Amino acid sequence: MASPLQFAYRTQTAIGVFDAAPVYEALPGFVKPQGNLRCCVYSPCGRYFAYATNDGISVVDASVGHVLTSLPLPMVYEISFSPGGTYMSTWERPAKDENGDATKNVKVWRTIEDVPEGQEKQPLGRFVYKNMSGWSLQYTADEKFCARLVTNEVQFYNSNDLSAPWNRLRAEGVTDFAIAPGKSQNVAVFIPERKGQPAAVKVYNVPQFSSPISQKTFFKGDKVQLKWNALGTNLIVLAQTEVDKSNKSYYGETNMYLLSANGSFDARITLDKEGPIHDVSWSPNSKEFGVIYGYMPAKTTIFNHRAVPTHSFPLGPRNTIIFSPTGRFALVAGFGNLAGQIDVYDLEKDNRKVTTIESGNPSVCQWSPDSRYIMTATTSPRLRVDNGVKLWHVGGGIVYNEDFNELYNVMWRPAAADALPAGDPLHPVPTPHPSALKYLGTVKTPSKPVGAYRPPGARGSSTPLHFKREDEGGAAHTVSNGVPQIGPNGFGRPRNQIPGAEFTRPAGIPGAIAADGGDLSKAAAKNKKKRNKKAKEGEGNATDAPGSEGGLAPPPREYGNGSPAEGRSPERRNQGQGHSSQHRSQSRNNFNGRNRSNTHRARSQSRPGHFGQSAQQQQQQQQQPQGGSPLGGGDGAMTPAQSANAKKIRSLQKKIRAIEDLEMRHAGGEKLEDTQVKKIATKPSVMKELEALEREQ
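Scoring rules and cut-offs
- Residues numbered from 1 in each chain as written.
- Predicted model: local features only at pLDDT ≥ 70, side-chain atom pairs only at ≥ 80, totals over all residues.
- Heavy atoms only, no water.
- UniProt positions renumbered as here; feature names shortened; annotations may be inferred.
- Salt bridge = Lys/Arg side-chain N within 4 Å of Asp/Glu carboxyl O.
- Buried < 20%, exposed > 50% of the residue type's maximum accessible area, 1.4 Å probe, protein only.
- Helix = DSSP H or I, 4+ residues; strand = E, 2+ residues; numbered from the N terminus.
- Pairing = 2+ DSSP bridges.
- Core = buried A, V, L, I, M, F, W, Y, C linked by side-chain atoms within 4.5 Å.
- Axes fitted to C-alpha atoms, helices over the stretch in contact; angles between N-to-C directions.
- Contact = heavy atoms within 4.5 Å.
- Polar contact = N/O pair within 3.5 Å; in protein donor to acceptor, adjacent residues only side chain to side chain.
- Parallel < 35°, antiparallel > 145°, perpendicular 65-115°, else oblique.
- Left-handed = near helix turned anticlockwise from the far one by under 90°.
- Nonpolar A, V, L, I, M, F, W, Y, C, P; charged D, E, K, R; others polar.
- Phe/Tyr/Trp six-rings, centres within 6.5 Å; stacked < 30°, edge-to-face > 60°.

- Named according to an unreviewed UniProt entry, the chain is Eukaryotic translation initiation factor 2A originating from Podospora pseudocomata.
- In its Sequence similarities (unreviewed entry) section, the UniProt entry covering the chain states "Belongs to the WD repeat EIF2A family."

What follows is the structure, given as structure tokens:
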């Protein structure tokens, strides 16, 4: 008798059936077909193995490898079996007949049937189905009924007679359905959102379709995955939208709901980590299920059948969870664009981790029927290099390896639990095949742990929290939708924020007064009073000037909150003592001898007023000699010596701000250059010089 542990594979040129542990050899009675090989599949019961070639379909006894029956169907691309292997369905490429009508490309056959000599085997039913997804009929566990989806209804047939529907479940807009396994004979249907109505999942008992026995309505559900547990008593609904309206995910939004088949319980499963749902899987015991969710590093949690979390595994880059057939182990892995690590946990031993397997970049990962081995395979066309099959013991060691040129598919042969040997899967540890030892000899062990690249300037310093993954002690990932985030290590902070300190009020624009106009110093209040007085005098002069009676000039604008004249910081108000605003404008235009262009002068003269002054006053100001005193005279005048000191003060203040910025970067863990460290050391001398100049002012 052949070993119950058996797997089949399909490559570019051959299909093979291989006996695994303990013999590790090809099935003796199976003759490998050659040529254009399109598909191969085991029946769910494990009795039959079927494959399709250009010559037709062949059905093989999986135990010995002998061909039991064949069908002359050269254009078959997909094959499926009923749960007990009694019926077989085939899908051919869609075509049209002579009249232009679509041919019935889905055919249902009795797998093993006695046909009188001289007659051809006839299908039990024929249907038209253009897509390769969802084409197969769904059967109840006892194979008494089967069903298929058509427009606005699910048609049920007696499995022995597919000529006409036996019953119909009418549901307007239905897009998906799933028949429950086990003996319950329940069916769940999904109806998406339509005309403002929420989406709905309804559960019916076959054949009582008058009213559902359980249902759940929800929004944000364009398509769903319907996952029954092994007994058919509970249903997980994984709903997904095509577009995430909150713009947090490119792949849409996912939500998860749990329904009991008898209608006693339904709820939305609330997850405590923001992000998509990567995978969800039922345990074979039907009492618990696992979910991987959240932005990377994702969180893995086990829930009971009432959606109550019972255990959470450590965070990590994972997106796949698979329970072993016996329900003792859980496999949590990261495939696709992740590193391919596989964590195996023993759920019967306080959920402890058994091992971590470095599987590379597999596209197939399956448990063996006895929960003793894990199969990983890299297949084409996802990757056309490093194709092959590896068998790992549940304890973590590799026991078999075989490389292929182009491997398209690989699968375990299903086996019933009572047909498998009993015992502890962890002990004894099997002896590795010579191919596994050869593979281990080619694997290079890294001389030092591989880590993220660090530029030379950042080496030798601690990694800021913002650049660490959440499972390494870093900050949790959050989606900002374009809003700048302030990290706990100061990344993205404002310039006046020191790492680790409380967030302060944002500093104003340099040279500007606070927008509310409050908290002014005595000198600033005195200067504001003088400016308001001059503005009123200018208003009177503008009224007496020729041409002002017609009202062509707009009323002078009093200096208020947010005006350019008030745009000064408190430190500049203290140093300038009321002279900096006038000094800045006059020193740029008069003291340095820089004259405006003709175009600018003409534009200034043509404007009726400028900062509360009439055109005549502006012209007088432009014609004022360089050595003359500015407008307002008296106490508001500034000598050239004072102007030079003011420039030095501004320059020193700029140096102090640059030094403080370097100090903040150094406090945040950044490594500074030698010149920057020397610049920080000059801060006391710069402060001393600034204080001396401020005293002279």
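That shown, we press on.
**Description of the pattern of salt bridges**
Part 1: On inspection of all chains with the given rule, the structure shows 16 salt bridges.
Part 2: Across the pair Glu670 and Arg665 runs a salt bridge whose closest N-O atoms are separated by 3.1 Å.
Part 3: Of the residues examined, Glu670 reaches a relative accessible area of 36% and is grouped as partly exposed.
Part 4: Residues joined by salt bridges that share partners form a network here, namely Arg328, Asp346, Glu348 and Asp424.

**As for unusual backbone geometry**
Residues apart from glycine generally show negative phi values, whereas peptide bonds are mostly found in trans.
Part 1: A cis geometry characterises the amide bond from Met296 onward to Pro297, with omega recorded as 0 degrees.
Part 2: Residue Pro428 is bonded to the preceding His427 through a cis peptide linkage, with omega at -5 degrees.
Part 3: Of note in this structure, Tyr24 is not a glycine but carries a positive phi near 55 degrees.
Part 4: Note on placement: Tyr24 falls in the loop between β2 (15-19) and β3 (25-26).

**A short note on the pairing of strand β30 (residues 341-346)**
Part 1: In terms of residue burial, β30 counts as a mostly covered element, since 5 of its 6 residues are buried.
Part 2: With 5 bridges joining them, strand β29 (residues 329-333) and β30 adopt antiparallel strand pairing. Pairing of Ala330 across the sheet is with Tyr345, part of β30.
Part 3: Pairing between β30 and strand β31 (residues 352-358): 6 bridges, direction antiparallel. By the bridge assignment for β31, Asp346 is matched with Arg352.
Part 4: Counting the residues that bridge the hairpin from β30 to β31 gives 5 residues, and of these Asp350 lies at a positive phi of roughly 60 degrees.

**Overview of the nonpolar core**
Part 1: Membership of the largest hydrophobic core comes to 19 residues, with the highest contact counts inside it found for Phe7, Tyr24, Val389, Leu391, Val410 and Trp412.
Part 2: Only β1 (6-11), β33 (373-378), β34 (388-393), β35 (398-403) and β36 (407-412) provide two or more residues apiece to this core.
Part 3: Counting residues in each nonpolar core, the second largest holds 17 residues, with Ala178, Phe190, Leu226 and Ala261 among its members.

**Quick notes on the sheet that holds strand β8 (residues 76-81)**
What holds strands together in a sheet is hydrogen bonding between their backbones, with the strands either parallel or antiparallel.
Part 1: With antiparallel pairing, the 4 strands of this open sheet are ordered in space as β8-β9-β10-β11. Each edge of the sheet is formed by a strand with only one pairing partner; in this case those strands are β8 and β11 (125-127). Taken pair by pair, the neighbouring strands of this sheet meet at an average axis angle of 20 degrees, ignoring direction.
Part 2: Pairing of strand β9 (residues 87-92) with strand β10 (residues 106-110) involves 5 bridges; the strand directions are antiparallel. Looking at β10, one finds that Thr90 is bridged to Lys107.

**Some details on the environment of Gln6**
Part 1: Here Gln6 lies in strand β1.
Part 2: According to the relative accessible area criterion, Gln6 is buried, its value standing at 0%.
Part 3: Excluding anything up to four places from it in sequence, Gln6 contacts Val17, Phe18, Asp19, Ala20, Leu27, Tyr42, Ala62, Met411, Trp412 and Arg413.
Part 4: A polar contact of 3.2 Å, which involves the side chain of Gln6, links it to the side chain of Asp19.
Part 5: Within the local environment of Gln6, its side chain forms a polar contact with the side chain of Tyr42, the two groups lying 2.8 Å apart.

**Quick word on the packing of helix α7 (residues 640-667) against helix α8 (residues 674-681)**
Part 1: Two elements in contact, α7 and α8, have axes whose closest approach is 9 Å; the angle formed by their N-to-C orientations is 120 degrees. In terms of orientation, α7 lies oblique with respect to α8. Crossing geometry of α7 relative to α8 is assigned as left-handed. Side by side, α7 and α8 meet where Ala658, Ile659, Leu662, Glu663 and Arg665 of the first sit next to Gln676, Lys679 and Ile680 of the second.
Part 2: When its residues are assigned to classes, the contact of α7 with α8 shows 4 nonpolar, 1 polar and 3 charged.

**A closer look at the packing of aromatic side chains**
Part 1: Using the criterion set out here, one finds 20 aromatic pairs in the structure.
Part 2: With centroids separated by 6.3 Å and ring planes inclined at 45 degrees, the aromatic side chains of Phe49 and Tyr51 adopt a geometry described as tilted. Like Phe49, the residue Tyr51 is buried in the burial classification.
Part 3: Arranged with centres 5.6 Å apart and planes meeting at 5 degrees, the rings of Tyr87 and Tyr139 form a pair that is stacked.

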